[in-house]
Structure formats: structure tokens, C-alpha cells
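Structural overview for review
The chain contents come next:
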Amino acid sequence: MESKEKTSKEPFPGAYIVGLAITLALLIGVVLVGSSLSPATSGFLVALGLGLTVNPKYALWFLAAGVFCTLMGFAGGEPQVAWGGVGLILSQLVVKLFIKS
């Protein structure tokens, strides 16, 4: 019997470690932005940045969520939610218009 070599599913050695480091850096960045700026500014920047990572296939659903957050945030007097919704709307327009599926 031949022994089958186990093939790695990683694109390159250490890819998962690099992915973990990038994820943790983004998480720390989001926490720093969210805690150091005003609620409206932090909501906008965090939603804008994270919204740009959305798969274009789901951009329409995230756009609807942004509209809902904007309406509810302004109606309820929650600036972080309201401006986060605006950031999400803008990011989804960028994803939908400029990123081809």
C-alpha cells in the first residue's frame, strides 16, 4: 500500500497564523476607534470599514440593514446607531457599484 501524503489546505505555510494576526489587529483597531472617538464618528467609521469587507452577493441585504439602522437611530436619538447606518449604506454602495461579483 502506498502512503498518501497529507496535503495542507493552507494557501501557504503559516497562512492561518497570518489570518489570526490580521483579525486580532482589526479587532483591536475597532475597539480603539470605538472607545476614543465620539459615538457618531466611531459608529460611522466602524460600520464603513467593516461594511467594505462584505461579499458583494450580500450587499443589498446589508444596504437594507443600513437604512433600517439609520432610520431607527435617528428616530431614537442614538447617534452611534444612526451614523453607523449611514456608514453602512455608503460602504454597501461602494461595494455594489465598484466591486464586480
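Reading the values: the criteria
- Residues numbered from 1 in each chain as written.
- Predicted model: local features only at pLDDT ≥ 70, side-chain atom pairs only at ≥ 80, totals over all residues.
- Heavy atoms only, no water.
- Helix = DSSP H or I, 4+ residues; strand = E, 2+ residues; numbered from the N terminus.
- Buried < 20%, exposed > 50% of the residue type's maximum accessible area, 1.4 Å probe, protein only.
- Contact = heavy atoms within 4.5 Å.
- Lys, Arg positive; Asp, Glu negative; His and termini not counted.
- Charge placed at Lys NZ, Arg CZ, Asp CG, Glu CD.
- Expected span 1.5 Å × (residues − 1).
- pLDDT = per-residue confidence, 0-100.
- Phe/Tyr/Trp six-rings, centres within 6.5 Å; stacked < 30°, edge-to-face > 60°.
- Patch = residues over 30% accessible without salt bridge, like charges linked within 9 Å, V, L, I, M, F, W, Y side chains within 5 Å.
- Areas by Shrake-Rupley, 256 points an atom, 1.4 Å probe, with all protein chains shown as cover.
- Salt bridge = Lys/Arg side-chain N within 4 Å of Asp/Glu carboxyl O.
- Axes fitted to C-alpha atoms, helices over the stretch in contact; angles between N-to-C directions.
- Parallel < 35°, antiparallel > 145°, perpendicular 65-115°, else oblique.
- Left-handed = near helix turned anticlockwise from the far one by under 90°.
- Nonpolar A, V, L, I, M, F, W, Y, C, P; charged D, E, K, R; others polar.

So, on to the overall build of the protein chain. Of the regular secondary structure elements, the protein chain holds four helices and zero strands. Scanning the protein chain from its N terminus toward the C terminus, one meets helices and strands in the order α-α-α-α. Over its C-alpha atoms, taken along the principal directions, the protein chain stretches across nearly 70 × 30 × 20 Å. Expressed as a percentage of the 101 residues in the protein chain, the buried residues total 21%. Excluding contacts between residues fewer than 6 apart, the proportion of contacts in the protein chain whose partners are at least 24 apart in sequence is 60%. Looking at the protein chain, you have 6 positive and 4 negative side-chain charges, and the mean spots of the two groups are 12 Å apart.

Another point: helix 4 (residues 79-98). Over its 20 residues, helix 4 runs 28 Å from end to end, which matches the ideal 28 Å to within 8%, given 1.5 Å per residue. When we look at burial in helix 4, the residues that qualify are Ala82, Gly84, Gly85, Val86, Gly87, Leu88, Ile89, Ser91, Gln92 and Val95.

What follows deals with the confidence of the model for the protein chain. Averaged over every residue, the pLDDT of the protein chain is 89; the share at 70 or more is 93%. Helix 3 (residues 59-76) holds the highest mean pLDDT among the elements of the protein chain, 96, whereas helix 1 (residues 15-36) holds the lowest, 90.

Here the focus is the packing of aromatic side chains. This model, assessed by the stated rule, comprises one aromatic pair. With a centroid separation of 5.6 Å and 80° between ring planes, the pair formed by Phe74 and Trp83 is classed as edge-to-face. The exposure class assigned to Phe74 is partly exposed, which follows from its relative accessible area of 47%. Trp83 sits in the partly exposed class, given a relative accessible area of 37%.

For the rest of this paragraph, the subject is a nonpolar patch on the surface. Taken together, the side chains of Leu52, Leu90, Leu93, Val94, Leu97, Phe98 and Ile99 present a nonpolar region at the surface, about 640 Å² in accessible area. A relative accessible area of 37% means that Ile99 is categorised as partly exposed.

Where helix 3 meets helix 4, the closest approach of the two axes is 7 Å, and the angle between their N-to-C directions is 155°. Considering the angle they form, helix 3 stands roughly antiparallel to helix 4. Judged by the twist between their axes, the crossing of helix 3 over helix 4 is left-handed. Along the contact surface, helix 3 presents Ala59, Phe62, Leu63, Ala65, Gly66, Val67, Cys69, Thr70, Gly73 and Phe74, while helix 4 presents Val81, Ala82, Trp83, Gly85, Val86, Leu88, Ile89, Gln92, Leu93, Val95 and Lys96. The residue inventory of the contact of helix 3 with helix 4, partitioned by class, reads 15 nonpolar, five polar and one charged.

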